[in-house]
Amino acid sequence: MNYNLKMEEQIMKAGESPRLLLHVCCAPCSSSVLERLGEIFEITCLFYNPNITEEEEYQKRLLELQRFVGALKTKYQVSILEGRYQKEEFFEISKGLEKEPERGKRCLRCYQLRLEETARLAEEYHYPFFATTLTLSPYKNSDAINEIGKILDEKYQPSYLYSDFKKKNGYKRSIELSLEYHLYRQDYCGCIYSKLERMAQKEKNSINYSSIK
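Residues numbered from 1 in each chain as written. Predicted model: local features only at pLDDT ≥ 70, side-chain atom pairs only at ≥ 80, totals over all residues. Heavy atoms only, no water.

1. Some remarks on the packing of aromatic side chains
The geometry of an aromatic ring pair is captured by two quantities: the separation of the ring centres and the angle between the planes.
So, point 1. Here the structure, examined in full by the defined rule, presents ten aromatic pairs.
So, point 2. Ring centres of Phe91 and Tyr193 lie 6.3 Å apart, and the angle between their planes is 90°; on these two criteria the pair is classed as edge-to-face. In this pair, Phe91 sits in helix H4 (residues 87-93) while Tyr193 sits in helix H8 (residues 192-212), placing the two residues 102 residues apart along the sequence.
So, point 3. Grouped by ring-pair contacts, the aromatic residues Tyr3, Phe130, Tyr160 and Tyr162 constitute a single cluster.
So, point 4. Sitting over the face of the ring of Tyr127, Arg19 holds its NZ or CZ atom 4.0 Å from the ring centroid.
So, point 5. The ring of Tyr188 is capped by Arg61, whose NZ or CZ atom sits 5.4 Å from the centre of that ring. (Phe/Tyr/Trp six-rings, centres within 6.5 Å; stacked < 30°, edge-to-face > 60°. Helix = DSSP H or I, 4+ residues; strand = E, 2+ residues; numbered from the N terminus. Lys NZ or Arg CZ within 6 Å of the ring centre and 35° of its normal.)

And the structure:
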């Protein structure tokens, strides 16, 4: 399925300035998404990310999102709702999958955890739509994310807004906006497993580079 085209079809039927609960993982991933959808939806950014293991990292990403949303000018209002921060939720769904590579089964469970909380809150607070910025990243499995969204669309009242925010130069634009607003960009998703994997890869690259020299 062309998820970007599907989203545009949904938007055409949505009417004027509908409300959207948008799960956001960080300011850079939100940047081009908010720039685009802020001209169509009244958006609440849900910062629900129990996968971020280190509290200092969690607070840094939240503060950076708050700073960016305060600076970005959009047609319709953008606000932020902080979800609960309970790391135990992530560690519970990760049991037995600690050594899975990024984009593996552990990540799928993490997508499910965060998207389901978004759908649940969208229903509780009567948002007609819910979505996630996770599909912006080229390191995330957009097909899997949208499949989870489809299942949740059938389980909860609000409609899941399909997306592939990488399309239409969305990822490229997020890099441009990150530079323009001097946004903090991290090189791992936030969980300890992703961080260790990234550190190991950097060490391997460093050893390989040293051997070439």
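2. Considerations on the pairing of strand S1 (residues 19-23)
So, point 1. Across the five residues that make up S1, a large majority, four, are buried.
So, point 2. In the sheet, S1 pairs with strand S2 (residues 42-47) via five bridges, with the strands oriented parallel. Paired with Leu20 across the strands is Ile43, a residue of S2.
So, point 3. In the classification by handedness, the crossover that spans S1, the intervening helix H2 (residues 27-37) and the parallel S2 is right-handed.
So, point 4. As defined by bridge partners, S1 adjoins strand S4 (residues 129-132) across four bridges and the pair is classed as parallel. Bridge assignment links Leu20 to a residue of S4, and that residue is Phe129. (Buried < 20%, exposed > 50% of the residue type's maximum accessible area, 1.4 Å probe, protein only. Pairing = 2+ DSSP bridges. Right-handed = clockwise from strand over helix to strand, strands pointing away.)

3. So, helix H1 (residues 3-14)
So, point 1. The end-to-end C-alpha distance of H1, which contains twelve residues, comes to 16 Å, matching closely the 16 Å that a straight helix rising 1.5 Å per residue would cover.
So, point 2. The backbone nitrogen of Asn4 has a side-chain oxygen 3.2 Å away, supplied by the residue at the start of H1, namely Asn2.
So, point 3. Of the residues trailing H1, Gly15 is marked for its positive phi of about 90°. (Expected span 1.5 Å × (residues − 1). Polar contact = N/O pair within 3.5 Å; in protein donor to acceptor, adjacent residues only side chain to side chain.)

4. With respect to the sheet that holds S2
So, point 1. The strand order across the open sheet formed by five strands is S3-S2-S1-S4-S5, and the pairing between neighbours is parallel. Of all the strands in the sheet, just strand S3 (78-82) and strand S5 (159-160) have a single pairing partner and so form its edges.
So, point 2. As paired strands, S4 and S5 are joined by two bridges and run parallel to one another. Paired with Phe129 across the strands is Ser159, a residue of S5.
So, point 3. The strands touched by helix H5 (residues 105-124) within the sheet are S1, S2, S4 and S5, with S4 carrying the most contacts at an inclination of about 160°. (Contact = heavy atoms within 4.5 Å. Axes fitted to C-alpha atoms, helices over the stretch in contact; angles between N-to-C directions.)

5. Quick notes on unusual backbone geometry
So, point 1. Of note, the phi angle at Lys168 is positive, near 55°, even though the residue is not glycine.
So, point 2. Structurally, Lys168 is set in the loop between S5 and helix H7 (170-180).
So, point 3. Unusually for a residue other than glycine, Asn169 sits at a positive phi of about 60°.
So, point 4. Note on placement: Asn169 falls in the loop between S5 and H7.
So, point 5. On the basis of relative accessibility, which here comes to 55%, the residue Asn169 falls in the exposed class.

6. Side note on the packing of H2 against H7
So, point 1. Where H2 contacts H7, the axes come no closer than 8 Å and their chain directions differ by 110°. One way to sum up the angle between H2 and H7 is to call them roughly perpendicular. Residue-level inspection shows Pro28, Ser31, Ser32 and Glu35 of H2 in contact with H7, the latter providing Gly170, Arg173, Ser174, Leu177 and Ser178.
So, point 2. In the contact of H2 with H7, the residues fall into two nonpolar, five polar and two charged. (Parallel < 35°, antiparallel > 145°, perpendicular 65-115°, else oblique. Nonpolar A, V, L, I, M, F, W, Y, C, P; charged D, E, K, R; others polar.)

7. Notes on H7
So, point 1. Taken residue by residue, H7 has Gly170, Ser174, Leu177 and Ser178 as its buried positions. Buried residues of H7 fall within an arc of 105° about the axis and therefore sit on the same side.
So, point 2. Buried residues in H7 make contact with H2.
So, point 3. Once H7 ends, the next one or two residues include His182, with phi positive near 55°. (Arc of directions from axis to C-beta.)

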